[in-house]
Amino acid sequence: MTDSDIPQAVDAAVAAPAVQSPSPSFDEIGLHSLILQAVKQTGYTVPTPIQAQALPEVMAGRDVMGAAQTGTGKTAAFTLPILHRLMPLANASASPARHPVRALILTPTRELADQVFESVKRYSLYTPLRSAVVFGGVDIGPQKDALRQGCEVLIATPGRLLDHLSQNTVNLSQVGILVLDEADRMLDMGFLPDLDRIIRALPAQRQTLLFSATFSAEIRKLARTYQKTPVELEVAKRNATADTVTQIAYPVAEEDKRAAVVHLVKSKGLNQVIVFSNTKIGTSRLARQLERDGVKAESIHGDKSQADRMKALDAFKAGELEVLVATDVAARGLDVAGVPCVINYDLPYSAEDYVHRIGRTGRAGASGDAISLYTPAQEKLLIEVEKLIKRPIERGQLMVPKRDLDSSRGSSARSLPAHDRGRGRGKAYVEPPKPVIDEFFLKPYEPSASAPSKPAAVKPTAPNRKAGLGVLLGAAPKPVDKDTANSGEPVGN
DNA sequence: AAAAAAT
């Protein structure tokens, strides 16, 4: 599933506010009938805002610079018009063999590449247009075969594409359309030199589409370098978080975080939770520990083999896991339909990543919960996030029954000194204040009420609503107060 | 400071 799978026909009526300006249907936009056929089969009738804006521009051949949140239907916003533009080519159908690549779509991660590929395949189902995807971590042989067969649309991650280029197994000399998806992410990941090398292999005469979560100075520079007077489209507000996502943060001591996750999952019967951790090692470890605690969990991060990554993701999508523990490899672009809850086990180092992480829930107008666990030392990160999203995040108090806490505490966490002891800064080490964790609770955490009318792609098992068992939150939402918020900051950070 | 991506 990808961004393009926003079920307009179904959800628009329920979750999305009625569109005031009469949005044209896909019929009226003038997409090629064979593409329209595939669109209709998915059940969509009305384009999302980004689609409504981008389709005409891209179909007209203009360069587009688009800022759109994930979950806005961004993938279809470029996939559909690209296929439309390539249709004359397919109609000619003179020499079916050895068609050179006409459209190239670059993405930062392998999973995203695969998702975009799935989307292209779906929408080109009734057309003669062919597509292929290349990315690292898997055998290059089959990719070479696919490229030799010929494809009009190629989706790729930069590294493997360069590999193909150097081996002369791909011909990019006829690429008339280039898409840089999640461009901000690609820059973050240091792909600029790779992008540069790839783009130098493309014709200068081409249409270039650039999608990014934000229009930072770097992105604008990228646009200036590779685009010609792009049309700027900005759909959702930059750095906005969906209104349908309930956000809450709990102060939890580092060694209690695991127990907190177990309780959030178990006591509420949450069955499809993505838990974000900041490190690859921490991600693996947490998944293992959760398994020991009786939570079905798998991890996904960059040190795992591509096969393992796909396996974990598929198992999660199939509903076989309660928890997917992930690094930020999963923060962007990943689209598992209807994830009802995201937990930040660690707050991300950058506030922008927070936006991407919680963008995994509350997609397409569905409701979702984003829960962040933070130590007092991490509160400043939380404040950074609030500044970025321009809204306060409710603070709660999470309580876990003491006996569960103790049983779930590993031997490891306890003994570790949580913070570095003074690095000669002349200050004594101060144990950060611990949130009160005790046997009783005030008010249970409830997953947000309005259940999405459209069930997740994965059929959720009946939530076992044994509230009260343990996890609790009380503490009235406290308005953010920058002054007091910082006061408990411990030494060191 | 961390993660991702070609091998």
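As the structure is a prediction and not an experimental result, all values here were calculated from the model. (Residues numbered from 1 in each chain as written. Chains lettered and ligands numbered in written order. Predicted model: local features only at pLDDT ≥ 70, side-chain atom pairs only at ≥ 80, totals over all residues. Heavy atoms only, no water.)

Some words on the protein's contact with DNA strand B
Near DNA strand B you find 20 residues, and of these Arg-160, Thr-279, Lys-280, Gly-302 and Arg-309 are the closest. Of everything in DNA strand B that lies within 4 Å of the protein, sugar and phosphate atoms constitute 83%. Contact between DNA strand B and Gly-159: a phosphate oxygen at 3.0 Å from a main-chain N or O atom of the residue. Lys-280 has a polar backbone atom sitting 2.5 Å from a phosphate oxygen of DNA strand B. Broken down by element, the residue count for the surface near DNA strand B peaks at 4 residues, all from helix H8 (residues 158–166). (Near = heavy atom within 4 Å. Polar contact = N/O pair within 3.5 Å; in protein donor to acceptor, adjacent residues only side chain to side chain. Helix = DSSP H or I, 4+ residues; strand = E, 2+ residues; numbered from the N terminus.)

Some points on the confidence of the model for chain A
Within chain A, residue pLDDT values average 77, and 71% of them lie at 70 or more. Within chain A, strand E17 (residues 472–473) has the poorest average pLDDT of any element, 30, and strand E2 (residues 103–106) the best, 98. When the criterion is pLDDT under 50, residues 1–20 qualifies, and its contacts beyond four places in sequence or with other chains add up to 53 contacts. In the model, residues 408–493 has pLDDT below 50 throughout and makes 159 contacts with residues more than four positions away in sequence or in other chains. (pLDDT = per-residue confidence, 0-100. Contact = heavy atoms within 4.5 Å.)

Points about helix H6 (residues 110–123)
Its 14 residues place the ends of H6 20 Å apart at the C-alpha level, agreeing with the 20 Å of an ideal helix rising 1.5 Å per residue. Those residues of H6 not exposed but buried are Glu-111, Leu-112, Ala-113, Gln-115, Val-116, Phe-117, Ser-119, Val-120 and Tyr-123. (Expected span 1.5 Å × (residues − 1). Buried < 20%, exposed > 50% of the residue type's maximum accessible area, 1.4 Å probe, protein only.)

Observations regarding the environment of Ala-315
Along the chain, Ala-315 turns up in helix H14 (residues 306–317). A residue is classified by how much of its surface remains accessible, and Ala-315, at 13% relative accessible area, is buried. Ala-315 sits 17 residues away from Glu-298 along the chain, and the two C-alpha atoms are 8.6 Å apart. Apart from residues no more than four positions distant in its own chain, Ala-315 is found in contact with Glu-320 and Leu-321.

Digging into the packing of H6 against H14
Running from N to C, H6 and H14 point in directions that differ by 60 degrees, and their axes come no closer than 11 Å. With respect to their mutual orientation, H6 and H14 come out oblique. In terms of crossing hand, the pair formed by H6 and H14 is right-handed. Here H6 contributes Arg-110, Glu-111 and Gln-115 to the contact with H14, which in turn contributes Gln-306, Arg-309, Leu-313 and Lys-317. Residues of the contact of H6 with H14, tallied by class, amount to 1 nonpolar, 2 polar and 4 charged. (Axes fitted to C-alpha atoms, helices over the stretch in contact; angles between N-to-C directions. Parallel < 35°, antiparallel > 145°, perpendicular 65-115°, else oblique. Left-handed = near helix turned anticlockwise from the far one by under 90°. Nonpolar A, V, L, I, M, F, W, Y, C, P; charged D, E, K, R; others polar.)

Things to note about the sheet that holds strand E1 (residues 64–67)
Taken together, 7 strands build an open sheet; the order of strands is E3-E4-E2-E5-E6-E1-E7 and the sheet is parallel. The open sheet terminates on both sides in strands that have one partner only, identified here as strand E3 (131–134) and strand E7 (231–234). With strand direction ignored, the average angle separating the axes of adjacent strands in the sheet is 15 degrees. Bridge count between E1 and strand E6 (residues 207–212): 4 bridges; the pairing is parallel. From the neighbouring strand, Val-64 faces E6, where its bridge partner is Leu-209. Where H6 meets the sheet, it contacts E2, E3 and strand E4 (153–156), and its direction lies at approximately 175 degrees from that of E3. (Pairing = 2+ DSSP bridges.)

Overview of the packing of aromatic side chains
Scanning the model with the defined rule gives 1 aromatic pair in all. Taking the centre distance of 5.2 Å and the plane angle of 40 degrees together, the rings of Phe-78 and Phe-211 count as tilted. With Phe-78 in helix H5 (residues 74–92) and Phe-211 in strand E6, the pair connects residues that are 133 residues apart, well separated along the chain. Of the two residues, Phe-78 and Phe-211, both sit in the buried class. Stacked on the ring of Tyr-123, the Lys or Arg Arg-122 has its end atom at 5.9 Å from the ring centre. (Phe/Tyr/Trp six-rings, centres within 6.5 Å; stacked < 30°, edge-to-face > 60°. Lys NZ or Arg CZ within 6 Å of the ring centre and 35° of its normal.)

Observations regarding the sheet that holds strand E12 (residues 341–344)
An order of E10-E11-E9-E12-E13-E8-E14 is seen for the 7 strands of this open sheet, with the pairing classed as parallel. The sheet is open, and its two edges are formed by strand E10 (297–300) and strand E14 (394–395), each paired on a single side. Where E12 meets strand E13 (residues 368–374), 4 bridges bridge the pair, whose relative direction is parallel. Bridge pairing in E13 links Asn-344 to Ser-372. Helix-sheet contacts for helix H12 (residues 257–268) involve strand E9 (273–276), strand E11 (323–326), E12 and E13, and the interaxial angle to E13 is about 160 degrees.

A word on the UniProt feature "short sequence motif: Q motif" (unreviewed entry) in chain A
Listed under "short sequence motif: Q motif" (unreviewed entry) in the UniProt record, and renumbered for this structure, are residues 24–52. Taken end to end, residues 24–52 is 62% helix and 0% strand, and its first and last C-alpha atoms sit 7 Å apart. (UniProt positions renumbered as here; feature names shortened; annotations may be inferred.)

Details of helix H3 (residues 33–42)
Every buried residue belonging to H3 is among Ile-35, Leu-36, Ala-38 and Val-39, and all of these are buried. Projected onto a plane normal to the axis of H3, the buried residues spread over an arc of 160 degrees and lie on a single side. Facing away from the buried side of H3, by more than 90 degrees, are the exposed residues Ser-33 and Gln-41. Gly-43, located one to two residues past H3, shows a positive phi value of around 95 degrees. (Arc of directions from axis to C-beta.)

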